[in-house]
Amino acid sequence: MTTVRDVTAKAGDEPITMLTAYDAPTADIVDEAGVDIILVGDSLGNTSLGHDTTLPVTVDDMARHVGAVTRTTDDALVVADMPFLSFGVDKAASIENAGRMLKEEGADAVKLECGPHTVDLTEKLVQLGIPVMAHLGLTPQHVNQYGGYPRQGTDQAAAAQILDLAREHEAAGAFSLVLEHIPSNLAAEVTAELETPTIGIGAGPECDGQVLVVDDAVGLSEWSPSFAKQFGSVREEMESAVGDYVEAVESGSFPADEHSHESTDLDEIY
Ligand code: KIV
Ligand code: NA
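Computed from a predicted model, the values in this text were never measured in an experiment. (Residues numbered from 1 in each chain as written. Chains lettered and ligands numbered in written order. Predicted model: local features only at pLDDT ≥ 70, side-chain atom pairs only at ≥ 80, totals over all residues.)

Q: Please explain the overall build of the chain as it appears in this structure.
A: From N to C terminus, the chain includes 11 helices and 8 strands. Its C-alpha atoms give the chain principal-axis dimensions of about 80 × 40 × 35 Å. Looking at the chain as a whole, 42% of its 270 residues are labelled buried. Residue pairs at least 24 apart in sequence account for 58% of intrachain contacts in the chain once pairs closer than 6 positions are excluded. (Helix = DSSP H or I, 4+ residues; strand = E, 2+ residues; numbered from the N terminus. Buried ≥ 20, exposed ≤ 12 C-beta atoms within 10 Å, placed from the backbone. Contact = placed C-beta atoms within 7 Å.)

Encoded structure:
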């Protein structure tokens, strides 16, 4: 079992690997590959639930998928993403929602999309025994404010704000930081300035680790961001297999004799 301490110990020594997973078979594959951290991301909304953004994802949605992943994972640290408005509104509700992921669903830590409003909450969660991964830079739950998913921290003031927030969340006790879609030189600066490991997505090669959405990494997504790399072509594989199945049924070549079983008990059926 990977712990948050193993993750912090690995940082600076060897790159930390992280991928999302939302269901049992994917978690099994990702875990078997030796990935350090599995994130049950609220990207679930886009990858698996058919939403256009992550905003409609509920705590119940997250809980169901976190449970599927923790039941299948033997080695990786499992981090549960906290969905839109499940944290940062009311402190007691934030703690209850985050706590549910550990207490009922077996997660090891939670991730929060961070800003000035999550510093105290991070401290409180950590005090209570809920390890926090802080997510800075592009935070997709702000899509309506951004009007899309633009790169963040691209001028001095915005970059300084990200560095300050990183420091504040480190001081609050976050065990790691996700840096999403920021200039690689800013990510390098945050990584150099902080003890806390940084895990980048669209943030260049200098972070202590990397994360991708698994659907993007294996080539299942219909669309993926420019900073993602496709390491496989699962979508093409599935399209070809499903096409072959349809053709086989239509042509009568499936099921064949080896897929069919008669029962001798039914000799008198007619
Ligand atoms: O929801 C998610 O998958 C994420 C990662 C992209 C960091 O937040
Ligand atoms: Na997310």
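This is not the end of the story, as more comes after the structure.
Q: Hey, could you run me through the site of ligand 1 in this one?
A: Near ligand 1, the surroundings consist of T20, L39, G41, D42, S43, D81, H135, V178, E180, I201, V211 and V213. Grouping the constituent residues of the shell around ligand 1 by class yields 5 nonpolar, 4 polar and 3 charged. (Near = placed C-beta within 6 Å. Nonpolar A, V, L, I, M, F, W, Y, C, P; charged D, E, K, R; others polar.)

Q: What is the right way to look at the sheet that holds strand β1 (residues 16–20) in this model?
A: Working definition: the strands of a sheet are paired by backbone hydrogen bonds and lie parallel or antiparallel to each other. Taken in spatial order, the 8 strands line up as β1-β2-β3-β4-β5-β6-β7-β8 and close into a barrel, and their pairing is parallel. Pairwise comparison of adjacent strand axes, ignoring direction, gives a mean angle of 25° for this sheet. Inspection of the sheet shows strand β5 (residues 132–137) paired to strand β6 (residues 176–180) by 5 bridges, in the parallel sense. Within β6, the position partnered with M133 by the bridge is S176. Sheet strands touched by helix α9 (residues 184–193): β6 and β7 (198–201). Its angle to β7, the strand with the most contacts, is close to 170°. (Pairing = 2+ DSSP bridges. Axes fitted to C-alpha atoms, helices over the stretch in contact; angles between N-to-C directions.)

Q: How should I be thinking about the UniProt feature "binding site: Mg(2+)" (unreviewed entry) in the chain in this particular structure?
A: Following the UniProt record, one finds the feature "binding site: Mg(2+)" (unreviewed entry) at D42, D81 and E113. The greatest C-alpha distance among the annotated residues, which extend across 72 residues, is 10.5 Å, indicating that they converge on a single site. Among the secondary structure elements, D42 is positioned in the loop between β2 (37–40) and α3 (44–47). With residues near it in sequence (within four places) discarded, D42 still touches T54, V57, M62, D81 and P83. Along the chain, E113 falls in strand β4 (residues 109–113). The exposure class assigned to E113 is buried, which follows from the 24 C-beta atoms found within 10 Å. (UniProt positions renumbered as here; feature names shortened; annotations may be inferred.)

Q: Before we go on, may I ask you to explain the packing of helix α6 (residues 119–128) against helix α8 (residues 156–172) in this structure?
A: Axes are the key here: two packed helices are described by the angle between their axes and the distance separating the axes. At a minimum axis separation of 8 Å, α6 and α8 run at an interaxial angle of 25°. Viewed along their axes, α6 and α8 adopt a mutual orientation that is roughly parallel. You can see that α6 and α8 cross each other, and the crossing is right-handed. Packed against α6, whose contacting residues are V119, T122, E123 and V126, the element α8 presents E168, H169 and A172 at the interface. Considering only residue class, the contact of α6 with α8 consists of 3 nonpolar, 2 polar and 2 charged. (Parallel < 35°, antiparallel > 145°, perpendicular 65-115°, else oblique. Left-handed = near helix turned anticlockwise from the far one by under 90°.)

Q: Where do I start with the UniProt feature "active site" (unreviewed entry) in the chain in this structure?
A: Sites flagged by UniProt as "active site" (unreviewed entry) map to E180. Structurally, the position occupied by E180 is in strand β6. The residues contacting E180, other than those within four sequence positions of it, are H135, G137, L138, I201, G202 and A203.

Q: I'm lost on the confidence of the model for the chain in this one. Help?
A: A low pLDDT means the predicted coordinates there should not be read in detail. Chain-level pLDDT for the chain is 97 on average; 99% of the residues reach the 70-or-more range. Reported confidences for the modelled complex are a pTM of 0.97 and an ipTM of 0.99. (pLDDT = per-residue confidence, 0-100.)

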